[in-house]
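A closer look at the structure
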Amino acid sequence: MRVIAGALGGRRLKAPRGTTTRPTSDRVKEALFGLLGDVAGARALDLFAGAGGLGIEAISRGAARAVFIERDRRALRALRDNLHSLGIEAGRAEVRAADVLGALRSARGRAETYDLVFIDPPYSRASDLGHELSMLLPSLLEPGARIVVESDRRAPLQLQAQLERERTYGDTSIKIHAQP
């Protein structure tokens, strides 16, 4: 696993041991950011962040800031190690050790907003999360924000949001939703 492009392009990322975290493959990450285009200046939210591959890629490509939400201890350790080894300062990255739904409720209470949201849940939970995420996310989105959903193509996460693009890479489904 590595950073594909941008200021940190080519740098290796650590992934947590075990099978609880499934990092986004380099091929899918490259295709995904090709679909997104320019992310310079974006404020990103990386839900189910794992080792942080998507949020770190966004920072490498010019995103102003990324907030990473993860609750698994091994993944959090890898995420923090990645941010430290890449020299990403605290002003550009914030790690929140929390359950995603609880973290979204807290963010809503603080009136936070984002331009880009990555959602890469455990494939086994994806189909159960659509309704709650669809209810919590709109108040956190800036006009024109995009939501990227990565899930298993056989049991995809379904958001109630305007679908802009959809691609499949093997067993992985990528959907990009747009906030009007």
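As the structure is a prediction and not an experimental result, all values here were calculated from the model.

Counting secondary structure elements, the protein contains five helices and seven strands. Ordered by position from the N terminus, the helices and strands of the protein form the series α-β-α-β-α-β-α-β-α-β-β-β. Taken over the C-alpha atoms alone, the protein extends approximately 35 × 35 × 30 Å along its principal axes. With 180 residues in all, the protein has 50% of them scored as buried.

What follows deals with the sheet that holds strand β4 (residues 114-119). Pairing is mixed in the open sheet, where seven strands are placed in the order β3-β2-β1-β4-β5-β7-β6. One side of each edge strand has no neighbouring strand; the edge strands of this open sheet are β3 (93-97) and β6 (162-169). Taking the axes of each pair of neighbouring strands and ignoring which way they run, one obtains an average angle of 15° across the sheet. For β4 and strand β5 (residues 141-152), the ladder comprises five bridges, and the chain directions are parallel. Looking at β5, one finds that I119 is bridged to V149. Contacting β1 (43-47), β2 (65-70), β3, β4 and β5, helix α2 (residues 53-60) runs over the sheet at an angle of about 175° to β2. With respect to the sheet, helix α4 (residues 100-109) is in contact with β1, β2 and β3, its orientation differing from that of β1 by roughly 150°.

This paragraph deals with helix α1 (residues 26-36). What α1 keeps buried is the set V28, K29, L32, F33, L35 and L36. Taken around the axis of α1, the buried residues stretch over an arc of 155°, which confines them to a single face. Along α1, the residues that are exposed and aim more than 90 degrees away from the buried face are R27 and G34. Following α1 by one or two positions, G37 adopts a phi angle in the positive range, close to 75°.

By the definition in use, this model includes 14 salt bridges. For R65, the salt bridge identified is with E94, shortest N-O distance 2.5 Å. Of this pair, R65 sits in strand β2 while E94 sits in strand β3, and the two are 29 residues apart along the sequence. On the accessibility criterion, R65 (27% relative accessible area) is partly exposed. For E112, the salt bridge is made with R96, and the minimal N-O distance between the two is 2.9 Å. With E112 in the loop between α4 and β4 and R96 in strand β3, this pair connects stretches of sequence that are 16 residues apart. Taken individually, E112 and R96 each receive the classification buried, so the pair is uniform in this respect. Taken together, the salt bridges that share partners define one network made up of R65, E94, R96, R110 and E112.

Cut-offs applied
- Residues numbered from 1 in each chain as written.
- Predicted model: local features only at pLDDT ≥ 70, side-chain atom pairs only at ≥ 80, totals over all residues.
- Heavy atoms only, no water.
- Helix = DSSP H or I, 4+ residues; strand = E, 2+ residues; numbered from the N terminus.
- Buried < 20%, exposed > 50% of the residue type's maximum accessible area, 1.4 Å probe, protein only.
- Pairing = 2+ DSSP bridges.
- Axes fitted to C-alpha atoms, helices over the stretch in contact; angles between N-to-C directions.
- Contact = heavy atoms within 4.5 Å.
- Arc of directions from axis to C-beta.
- Salt bridge = Lys/Arg side-chain N within 4 Å of Asp/Glu carboxyl O.

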